[in-house]
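One-letter residues, chain by chain:
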Amino acid sequence: MPRMESEQRVVTANGTTQAVRVAGPPDGTPVLLIHGNCSSSLFWEPLLRRLPPTLRLVAPDLRGYGDSATAPVNATRGLRDFADDIAALLDDPTLFPNANASANGSSSAGSGGGGLPVVVGHSLGGGVAMQLLVDHPHRVGALLLAAPVSPYGFGGTRDLAGTPTTPDFAGTGAGTANPDFVARLAAGDRDADTPASPRAVLRATYVADPAALGADEELLLDSLLSTATGDDNYPGTAVVSQNWPGTAPGERGVLNALAPTWFRLADELVAVAHKPPVTWVRGDADVIVSDTSLFDLAYLGSLGVVPGWPGEESCPPQPMVGQTRAVLERYAAAGGAYREVVLPGCGHSPHLERPAEFVAELLALTGVPAA
């Protein structure tokens, strides 16, 4: 099978400059790839090499990542700034000409040449993909959610219904970021010896086995280091809280946009009129999006890593996986369809760690046969 090659384009959409990686013929079956936090469209390059050349692949750098403009993130809109940028790209006829035609004709995904795009979202990108479906249901043919953020946001909720642990969602948002990691990210640190270095974080948390990074480690580290840091981007602003651990989400920046204060779309997702099929792929060794997430301060508190934890009754770890399953079960009960795929021994990046299985799930949604 010929190897898929991508090219980068720069477009202006939704009032901001966006760098977009494009591969495949304009009339190919459309696939939109939305990367996660602290990465960029480069994170999809290892996957692109494995996909058939009949697909039309479009992978943007979200604002503040990669080569896109460092536009501010208004956290009070949740992930809508990102979703609006993506929706504007779908209106660009040079990127997805057949998807535009299908949007007007209400065609489904998987037509083997055209149709509405299969939208693939990784981690934060999964939340962006869900927001895109909520806001523009007629533009989405199918969803492939790879280790997605919970529909109730990241942290600060106690049960499958997303009930807040505190009124101000303390323990979520920008104040939870490791300042040493943020400083090293801003400095472009490529060191491997410090636990908070971007390379060490990539190896320890993005994958279950760092060997999965292989020869692509430098490329993936480049992607991580492309993250814009600051109050308007990563991690954002924090406010003081009277509740443990003393910090709550502010109104600017990426980690606040992920906080349940601002990003809570479970009910809207279930209620969307057009319900395309959803495939949810996750690894059972994920330490980022997990019921025992190493990035959830409540879970770290239960381990004694963050002092002063008020206990299980007051501040239990967020059941992230259980929440997503509960919401997708409601989605299916309301007329949709979803499939959960659990990959044993896989971490937070299924498309890197288990590419054959991931490609199979993607092609099943597109209707394009495997090579």
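See the structure shown above.
Heads up: these notes are all about the structure in this document. (Residues numbered from 1 in each chain as written. Predicted model: local features only at pLDDT ≥ 70, side-chain atom pairs only at ≥ 80, totals over all residues. Heavy atoms only, no water.)

Moving on, we come to the environment of Gly246. For Gly246, the position within the fold is in the loop between strand S9 (238-240) and strand S10 (247-249). When the C-alpha atoms of Gly246 and Gly171 are compared, they prove to be 7.2 Å apart, with 75 residues separating the residues in sequence. Excluding residues that lie within four positions of it along the chain, Gly246 makes contacts with Val239, Val240 and Ser241. (Helix = DSSP H or I, 4+ residues; strand = E, 2+ residues; numbered from the N terminus. Contact = heavy atoms within 4.5 Å.)

With mixed pairing, 8 strands are arranged side by side in an open sheet as S1-S2-S4-S3-S5-S6-S11-S12. Unpaired on one side and paired on the other, strand S1 (6-13) and strand S12 (338-343) mark the two borders of the sheet. Mean inter-strand twist for the sheet, computed between neighbouring axes without regard to direction, equals 20 degrees. Where helix H4 (residues 124-135) meets the sheet, its contacts fall on strand S3 (29-34), strand S5 (118-122) and strand S6 (142-146), and the angle it forms with S5 comes to roughly 145 degrees. (Pairing = 2+ DSSP bridges. Axes fitted to C-alpha atoms, helices over the stretch in contact; angles between N-to-C directions.)

Further remarks concern empty space enclosed by the protein. Using the criterion set out here, one finds 1 cavity of 30 Å³ or more in the structure. Its volume calculated, the largest cavity comes out at about 70 Å³. In this structure, the largest cavity is lined by 13 residues; those nearest its centre are Gly156, Ala170, Asp296, Ala298 and Cys315. In terms of residue class, the lining of the largest cavity is built from 7 nonpolar, 5 polar and 1 charged. (1 Å grid on protein atoms, 1.4 Å probe; cavity = no way out; pocket = protein on both sides within 12 Å on 5 of 7 lines; lining within 4 Å. Points joined across faces, edges and corners; volume = space filled by probe spheres on them. Nonpolar A, V, L, I, M, F, W, Y, C, P; charged D, E, K, R; others polar.)

In total, this model carries 2 aromatic pairs according to the counting rule given. Arranged with centres 6.2 Å apart and planes meeting at 90 degrees, the rings of Phe181 and Tyr234 form a pair that is edge-to-face. Taken together, the positions of Phe181 in helix H5 (residues 179-187) and Tyr234 in strand S8 (residues 234-235) put the pair 53 residues apart, joining distant regions of the chain. The ring of Tyr331 is capped by Lys275, whose NZ or CZ atom sits 5.9 Å from the centre of that ring. (Phe/Tyr/Trp six-rings, centres within 6.5 Å; stacked < 30°, edge-to-face > 60°. Lys NZ or Arg CZ within 6 Å of the ring centre and 35° of its normal.)

Next up on the list: a nonpolar patch on the surface. Together, Leu294, Phe295, Leu303 and Val305 line one region of the surface with nonpolar side chains, adding up to about 360 Å² of accessible area. Position of Leu294 relative to the elements: it lies in the loop between strand S11 (278-283) and helix H10 (297-302). Residue class for Leu294 comes out partly exposed when judged on its relative accessible area of 39%. (Patch = residues over 30% accessible without salt bridge, like charges linked within 9 Å, V, L, I, M, F, W, Y side chains within 5 Å. Areas by Shrake-Rupley, 256 points an atom, 1.4 Å probe, with all protein chains shown as cover. Salt bridge = Lys/Arg side-chain N within 4 Å of Asp/Glu carboxyl O. Buried < 20%, exposed > 50% of the residue type's maximum accessible area, 1.4 Å probe, protein only.)

Our focus in this paragraph is helix H6 (residues 198-206). Each α-helix winds once per 3.6 residues, and so residues spaced three or four apart point in a common direction. By the criterion of burial, H6 is predominantly enclosed, with 7 of the 9 residues buried. Looking only at H6, the buried set comprises Pro198, Arg199, Ala200, Val201, Leu202, Thr205 and Tyr206. On the buried face of H6, the contacting elements are H5, helix H7 (217-225) and helix H12 (350-353).

Here we take up the side chain of Thr166. Within the secondary structure, Thr166 is located in the loop between S6 and H5. Looking at Thr166, the relative accessible area reads 14%, which means it is buried. Within the structure, Thr166 has its side chain in polar contact with the side chain of Asp168 (distance 3.0 Å). A distance of 2.9 Å separates a polar atom in the side chain of Thr166 from the backbone nitrogen of Ala170. (Polar contact = N/O pair within 3.5 Å; in protein donor to acceptor, adjacent residues only side chain to side chain.)

It is worth spelling out the pairing of strand S4 (residues 55-60) at this point. In terms of burial, S4 is largely enclosed, as 6 of its 6 residues are buried. Burial of the side chains of S4 extends over both faces: Leu55, Leu57 and Ala59 are buried on one face and Arg56, Val58 and Pro60 on the other. By the bridge criterion, 4 bridges tie strand S2 (residues 16-23) to S4 in an arrangement that is antiparallel. Across the sheet, residue Arg21 finds its bridge partner in S4, namely Ala59. Pairing of S3 with S4 involves 4 bridges; the strand directions are parallel. Among the inter-strand pairings, Leu32 is bridged to a residue of S4, identified as Val58.

Here we come to the environment of Trp309. For Trp309, the location among the structural elements is in the loop between H10 and helix H11 (320-333). We classify Trp309 as partly exposed; its relative accessible area is 23%. Along the backbone, Trp309 and Pro93 are 216 residues apart, and their C-alpha atoms lie at a distance of 52 Å. At 2.8 Å, the side chain of Trp309 forms a polar contact with the backbone oxygen of Cys315.

On to H7. Within H7 the residues assigned to the buried category are Glu217, Leu220, Leu221, Ser223, Leu224 and Leu225. For H7, the elements touching its buried residues are helix H1 (45-48), H5, H6 and H12.

At a minimum axis separation of 9 Å, helix H2 (residues 80-90) and H4 run at an interaxial angle of 65 degrees. By the angle between their directions, the pair H2 and H4 is classed as roughly perpendicular. Where H2 crosses over H4, the two elements pack in a sense that is right-handed. On H4, the residues touching Arg80, Phe82, Ala83, Ile86, Ala87 and Leu90 of H2 are Leu124, Val128, Gln131, Leu132, Val134 and Asp135. Of the residues assigned to the contact of H2 with H4, the class counts are 9 nonpolar, 1 polar and 2 charged. (Parallel < 35°, antiparallel > 145°, perpendicular 65-115°, else oblique. Left-handed = near helix turned anticlockwise from the far one by under 90°.)

A separate point is the packing of H6 against H7. The geometry of H6 relative to H7 is characterised by a closest axis approach of 10 Å and an angle of 110 degrees between their N-to-C directions. Considered as vectors, H6 and H7 are oriented roughly perpendicular to each other. Of the residues in H7, those touching H6 at Pro198, Arg199, Leu202, Arg203 and Tyr206 are Glu217, Glu218, Leu220, Leu221, Leu224 and Leu225. In terms of residue class, the contact of H6 with H7 is built from 7 nonpolar, no polar and 4 charged.

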